[in-house]
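Coordinates in review
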Amino acid sequence: MYNKSLGSFLKKNITKLNVNPRMIKNIRISFIIFSMLAFISTVNYWNNQNYGLILSYKGKEIAKIKSEELKENIQPAVGLYVDNEFVFATKNKDFLRNILSELKQKYVKDKNLCSSFVEDVRMDCGLYPFKEIISDEEAKELILSGKKDIISYEISENDNWDLICEKFNTTIEKIKELNNFDNEFQPENLSTINIETFEKIIHVKYSQMEQKEVQIAFESIKTEDPSKFTTFKQVTQKGINGLEVHVDEVTYINDEEVTRVNISRSTIKEKIDEQIIIGTKKIGDNNLLWPVPYTKNISSPFGQREDGLHTGIDISSSGIANQDVVACSGGTVTHAGDNNNGYGNYVTILHENGKISTLYAHCSKLSVKCGDKVTKGQKIAEVGSTGKSTGNHLHFEVRLNNNPVDPEDYLVVGQIN
Ligand SMILES: [Zn+2]
């Protein structure tokens with residue numbers, strides 16, 4: 001029963017047999033094999049039956065070996081252990097070592113950088129059950145790509161084929177092949193598909209310095225001006241983004257960033273904050289329509305002058321001659337014509353509430369006559385320079401109980417720049 005050449009073979013080659021590795025981790029295996037062989041011979045002696053060895057791994061029986069078959073079923077190989085868990089055995093130790101080095105470099109862009117495995121990775125020479133010994137090619141794929149698995153993936157509403165391919169690092173061709181889709185398949189009708197996934201056995205960790213330019217956003221500094229309307233907004237200083245160079249130490253596991261620590265930053269360009277003046281003055285309740293659609297430029301506001309009160313606002317800009325003048329609100333025309341009072345051709349309208357009237361002066365042409373009912377926005381005249389005027393403009397007045405008030409307080413929100 002006891003085979004002498006097998007015995008010496010075992011003695012020479014065995015350092016550790018992968019028989020239930022957790023139980024016998026640190027026991028020299030040659031001793032166990034000898035004891036077992038002795039035991040087998042004893043059993044055989046007593047029962048005259050041909051017993052053998054039962055090899056188990058992780059509590060699972062993987063081989064039942066008759067003593068004379070031992071040589072064919074257990075072979076010298078190198079085992080790969082990740083965090084003390086046996087993964088596989090392979091014949092060629094140098095090949096395995098090279099593949100592990102290749103994996104260490106796989107994700108690192110700068111080949112001078114140091115990388116390490118996240119897991120404790122160990123190679124162990126010994127005798128391994130034949131069934132656990134895989135080819136070089138299989139070992140290479142397992143280490144570099146991972147453990148292949150087919151999962152059933154539920155397609156969600158937000159998925160599209162590009163996203164799925166990117167997520168699982170696969171291609172539409174592979175998905176079609178795996179699911180036996182023909183060329184006519186309708187992706188939008190699918191709810192689940194089979195997808196090939198690779199679960200990494202060993203992860204690679206490395207850190208590198210990364211330099212990047214970072215835009216520093218300017219801030220908006222607002223200054224309130226109570227003399228301007230709430231619609232007023234003027235940028236007095238344009239905001240300009242700053243620029244910094246950051247050097248970060250970035251740690252990756254495989255190709256995924258896990259931490260980023262800023263090491264230094266230097267300013268290339270200082271940011272310039274935006275300065276804005278914003279009006280806070282509230283506009284009156286009457287919401288009168290702006291009378292000259294052509295321009296909102298006020299060339300002279302309402303207010304006290306050396307020669308007396310300027311009783312309205314002057315609206316003017318180049319090209320304003322003969323542009324439309326419209327009624328600020330609905331009402332009745334109470335004057336239309338020239339009165340030789342300096343206003344030139346002018347129109348007055350008494351509005352529907354009976355308290356407010358508006359006046360439109362220096363017109364080149366009038367489109368209404370006294371007594372006409374007008375509606376808000378209706379054309380009543382054209383801009384001109386008649387009467388006491390130095391150029392084409394509309395002198396516009398708002399009167400409350402016939403007393404001139406600042407028209408800017410009565411124009412609709414959003415109409416004054
Ligand atoms: Zn005026």
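Per chain, the residues get numbers from 1 upward, laid out in the order the sequence is written. Reporting in this predicted model follows two pLDDT cut-offs: at least 70 for local features of residues, and 80 or more for side-chain atom pairs to be given and counted; totals over whole chains, interfaces and linings ignore these cut-offs and use all residues.

1. Focus: the overall build of the chain
Helix and strand counts for the chain come out as seven helices and 28 strands. Expressed as a percentage of the 417 residues in the chain, the buried residues total 19%. Working definition of a contact: two residues with C-beta atoms, positioned from the backbone, lying within 7 Å. In the chain, 68% of the contacts between residues at least 6 apart in sequence involve partners at least 24 apart. Secondary structure elements are taken from DSSP: a helix is a run of H or I of four residues or more, a strand is a run of E of two residues or more, and numbering for both begins at the N terminus. Every C-beta atom is placed from the backbone, and the number of other C-beta atoms within 10 Å of a residue's own sets its class: buried at 20 or more, exposed at 12 or fewer, partly exposed in between.

2. Concerning the nonpolar core
In this usage, the nonpolar core is the set of buried Ala, Val, Leu, Ile, Met, Phe, Trp, Tyr and Cys residues whose C-beta atoms join them within 7 Å. Grouped together as the largest cluster of nonpolar side chains are 29 residues, with contacts concentrated most on Val 325, Val 347, Tyr 360 and Cys 363. Only β19 (313–315), β22 (345–351), β23 (356–363), β26 (379–382) and β27 (394–400) provide two or more residues apiece to this core. Broken down by element, the residue count for this core peaks at five residues, all from β23. Not counting chain neighbours up to four residues away, the residues in contact with Val 347 comprise Val 333, His 335, Ala 336, Tyr 360, Cys 363, Leu 366, Val 368, Ile 380 and Ala 381. Judged by nonpolar contacts, the second largest core, of 15 residues, contains Val 78, Leu 103, Leu 127 and Val 204.

3. A look at helix α5 (residues 136–144)
Within the span of α5, buried status applies to Ala 139, Leu 142 and Ile 143. Buried residues of α5 fall within an arc of 95° about the axis and therefore sit on the same side. Where the residues of α5 are buried, they touch β4 (85–90), α4 (93–106), β7 (133–134) and β8 (147–154). One or two positions beyond α5, positive phi appears at Gly 146, with a value near 120°. The arc refers to the directions leading from the helix axis to the C-beta atoms.

Scope: geometric values only; no functional claims are made or implied.
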